[in-house]
Amino acid sequence: MPEDTADTVADFVVRHLTAWRVDRIFGYSGDGINPLLGALRRAGAPAFIQARHEEAAAFMAVAHAKYTGAVGVVTATQGPGAVHLLNGLYDARMDSVPVVAVIGQQSQTVLGSAYQQEIDLLSLFKDVASEFRQQVASPEQLPMVLDRAFKAALATRSPAVVILPHDVQQAPAPETPHEHGVVPSSPVWSMGCVSPRETDLHDAAAVLNAGRKIALLVGQGAAHAQQEVLAVADRLGAGITTSLLGKPYVDESRPSVTGTMGHLGTTASAHLLDNCDTLLIIGSNDPWTEYYPAPGQARAVQIDIDPKAIGNRYPVEVPLHGDAAETLSSLLALLHGQRDHSWREEVEEQVRRWDRVSTERAMTPAEPVNPERVVHELNAILPGDAQVAVDVGSCVYWYARQLRLPRGVPSHLSSTLGCMGAGVPYGIAAKLAHPSRPVVVLAGDGAMQMAGLAELVTVAKLWRDWADPRFVVCVFSNRDLAEVSWEQREMEGEPRFEASQALPDVDCAAYARLLGLDGVRITDPEDLADAWHQAFSADRPFVLDVVTDPNVPLLPPFPAGAAKLDPIRGALEAEPAGSAAGLVQRYADIEEGTGRS
């Protein structure tokens with residue numbers, strides 16, 4: 001029989017989340033949100049997804065937004081639960097993702113008394129939720145606050161925070177009377193279509209038509225403009241590079257697509273940006289400004305839905321404020337066909353050269369396994385309906401340089417914030433969003449030890465309900481915080497600091513088996529292909545734990561990488577003798593064309 005429970009503010013919150021089409025809420029329980037959890041239990045929906053830690057729950061909400069395009073929702077109690085959300089919410093803010101956090105707070109009657117777990121939450125979230133944060137003081141205020149939170153998150157592509165004191169959650173549900181001092185609201189949203197001014201389009205076309213060596217830098221803002229990007233590039237005879245966040249939205253099998261730009265990018269992308277005379281930036285705010293063309297080298301046009309982002313990273317001659325697909329379609333009609341194909345041919349030759357270089361790098365012997373080969377081997381087996389999640393660390397370099405994503409395969413990571421430990425939570429959110437599709441998580445052993453092993457417990461809890469059990473976590477076990485070790489050498493000229501960089505050797509595959517999952521540890525590169533096949537044919541989530549060589553260098557793309565060799569070599573001279581110096585020289589020889597036999 002139905003429970004005889006009075007309708008409360010918490011019940012209203014649950015109904016309103018459903019009105020906003022929220023199908024799951026990520027979080028962790030605590031007394032500050034007990035009324036909300038009770039309302040969720042009574043309603044039966046949205047689903048509550050329990051993480052092992054509030055930070056992981058916040059990352060799941062961010063990933064839900066990235067993989068679905070909908071608003072991610074996370075909840076936590078006051079005090080430490082609220083504090084733990086910060087990393088995930090900053091991930092949302094810095095990667096421009098809509099997330100709403102519903103956070104408990106002590107009853108209003110005790111605020112200001114230094115009560116247990118009492119924190120000034122409005123101050124705590126002032127920076128991360130600068131577009132919208134509000135503590136609800138009365139039931140009548142609640143509908144407006146919830147609606148404003150969702151609308152702010154969607155309009156600004158950022159996190160919004162709603163703080164619910166315990167006594168407000170327990171109060172009777174609001175009726176929103178029609179009277180002074182009460183603001184009515186509704187759970188509706190439409191982005192509409194934003195287009196640049198006609199004069200700006202003509203000015204942009206004039207710049208692009210005058211160019212002879214044109215480069216397109218494509219970011220995540222082009223996610224829904226993939227065909228338009230290719231059409232404009234073909235019309236202009238342009239080469240295409242992407243930001244890290246833009247990588248999934250350009251077909252890297254095309255001969256004029258140079259791959260990812262920046263420190264972790266390709267030599268083909270470096271050549272494209274170092275030699276272009278015109279730059280079209282589409283939906284990108286990539287921070288690696290030293291890898292853009294030199295200021296004054298290229299005339300630039302930038303398209304972005306956020307006018308504040310235009311001109312942030314490179315001097316722009318013509319700003320185009322608008323939706324990428326709509327703007328590119330309008331621009332295409334004004335562009336002349338490029339008759340001189342020499343630039344496109346030059347770019348395509350650089351792409352072919354990079355393909356040879358990246359393959360040779362992947363096949364370079366290492367002790368025991370070259371991490372680049374791990375991802376290189378994945379290209380042949382990655383299902384066309386897969387979803388990819390990438391953690392933070394040296395694995396991002398191997399992902400950016402070696403993985404060729406099939407068309408339609410989404411791939412996401414904590415990019416601008418760059419927070420370790422997000423990979424497995426991202427993968428869980430992807431699987432929950434599309435349970436019939438296989439998931440691949442790429443993570444280092446540092447990230448797994450930080451948070452990934454804990455969230456494997458969540459995988460073990462959830463996987464039997466999935467339509468497709470394939471959930472593959474590939475761990476690069478190099479016993480080192482390798483990205484920072486190489487940063488110490490390259491940027492500081494400092495040798496690796498053993499006390500800060502060395503990691504315990506943890507057999508993640510054995511841990512997975514302990515949880516009832518499956519897994520295998522690989523120490524021979526010749527076993528990689530079979531191991532990937534085994535992982536994707538398993539009847540349960542699978543951890544592919546590969547013992548990789550921490551001495552494989554994270555050199556930036558040449559020619560910039562050549563300038564880093566001296567400080568790296570100097571740092572290595574101060575370290576105990578090992579194979580790192582030899583691999584640095586081997587990689588330099590490959591980049592310079594002397595490594596091939």
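Residues numbered from 1 in each chain as written. Predicted model: local features only at pLDDT ≥ 70, side-chain atom pairs only at ≥ 80, totals over all residues. Heavy atoms only, no water.

Things to note about the overall build of the protein chain
Logical step 1: Along the backbone of the protein chain there are 24 helices and 18 strands.
Logical step 2: Here the C-alpha atoms of the protein chain give a radius of gyration of 25 Å, agreeing with the 25 Å that 2.2 N^0.38 yields for 597 residues.
Logical step 3: Over its C-alpha atoms, taken along the principal directions, the protein chain stretches across nearly 80 × 65 × 45 Å.
Logical step 4: Across the 597 residues of the protein chain, 58% fall into the buried class.
Logical step 5: Of the contacts made within the protein chain by residues no fewer than 6 positions apart, 74% connect residues no fewer than 24 positions apart.
Logical step 6: Of the roughly 23,100 Å² that the protein chain leaves accessible, carbon and sulfur atoms contribute 51%.
Logical step 7: Taking the average location of the 47 positive side-chain charges in the protein chain and that of its 74 negative ones, the two points are 4 Å from each other. (Helix = DSSP H or I, 4+ residues; strand = E, 2+ residues; numbered from the N terminus. Rg over C-alpha atoms; globule rule 2.2 N^0.38 Å. Buried < 20%, exposed > 50% of the residue type's maximum accessible area, 1.4 Å probe, protein only. Contact = heavy atoms within 4.5 Å. Areas by Shrake-Rupley, 256 points an atom, 1.4 Å probe, with all protein chains shown as cover. Lys, Arg positive; Asp, Glu negative; His and termini not counted. Charge placed at Lys NZ, Arg CZ, Asp CG, Glu CD.)

Things to note about the packing of aromatic side chains
Logical step 1: Inspection of the entire model under this criterion finds seven aromatic pairs.
Logical step 2: Aromatic side chains Tyr397 and Trp398 sit 6.4 Å apart centroid to centroid with 55 degrees between the ring planes, which places their arrangement in the tilted category. Of the two residues examined, Tyr397 and Trp398, each falls in the buried class.
Logical step 3: Centre to centre, the rings of Trp532 and Phe536 are 6.0 Å apart; their planes meet at 20 degrees, and the pair counts as stacked. Of this pair, Trp532 and Phe536 both sit in helix H21 (residues 528-537), separated by four residues, roughly a single helical turn. (Phe/Tyr/Trp six-rings, centres within 6.5 Å; stacked < 30°, edge-to-face > 60°.)

Description of the nonpolar core
Note that soluble globular proteins tend to have their nonpolar side chains buried in a common cluster.
Logical step 1: Of all hydrophobic cores here, the largest spans 57 residues; its most connected members are Phe125, Met448 and Val473.
Logical step 2: For this core, the element with the most residues is helix H3 (residues 54-68), which contributes ten residues.
Logical step 3: When neighbours within four sequence positions are excluded, Phe125 is seen to be in contact with Ala82, Leu86, Leu89, Ile103, Ser130, Arg133 and Val161. (Core = buried A, V, L, I, M, F, W, Y, C linked by side-chain atoms within 4.5 Å.)

What to know about the sheet that holds strand S5 (residues 133-135)
Logical step 1: Strands sit in the order S2-S1-S3-S4-S6-S5 across an open sheet of six strands; the sheet is parallel. Each of the sheet's edge strands pairs with one partner strand only, and the pair in question is strand S2 (47-50) and S5. Strand after strand, the sheet turns through a mean of 20 degrees between neighbouring axes, direction not considered.
Logical step 2: Looking at chain direction, strand S3 (residues 72-76) and strand S4 (residues 99-105) are connected through five bridges and run parallel. Bridge assignment links Val73 to a residue of S4, and that residue is Val100. (Pairing = 2+ DSSP bridges. Axes fitted to C-alpha atoms, helices over the stretch in contact; angles between N-to-C directions.)

Notes on the side chain of Thr8
Logical step 1: Its location among the elements puts Thr8 in the segment before helix H1 (9-19).
Logical step 2: Under the relative-accessibility criterion, Thr8 is labelled buried at 13%.
Logical step 3: Within the local environment of Thr8, its side chain forms a polar contact with the backbone nitrogen of Ala10, the two atoms lying 3.3 Å apart.
Logical step 4: A distance of 2.9 Å separates a polar atom in the side chain of Thr8 from a polar atom in the side chain of Asp11. (Polar contact = N/O pair within 3.5 Å; in protein donor to acceptor, adjacent residues only side chain to side chain.)

Observations concerning the side chain of Thr241
Logical step 1: With respect to the element layout, Thr241 can be found in strand S8 (residues 239-242).
Logical step 2: Looking at Thr241, the relative accessible area reads 0%, which means it is buried.
Logical step 3: Setting aside chain neighbours within four positions, we find Thr241 in contact with Leu216, Leu217, Val218, Thr258, Gly259, Thr260, Met261, Ser269, Leu272 and Leu273.

Here's the deal with helix H10 (residues 226-236)
Logical step 1: If you check which residues of H10 are buried, you get Val229, Leu230, Val232, Ala233 and Leu236. Viewed end-on, H10 has its buried residues packed into an arc of 165 degrees, placing them on one side of the element.
Logical step 2: Lining the buried residues of H10 we find helix H9 (198-210), strand S7 (214-218), S8, strand S10 (278-282), helix H12 (324-332) and helix H13 (342-362).
Logical step 3: Gly237 occupies a position one or two residues after H10 and carries a positive phi of about 65 degrees. (Arc of directions from axis to C-beta.)

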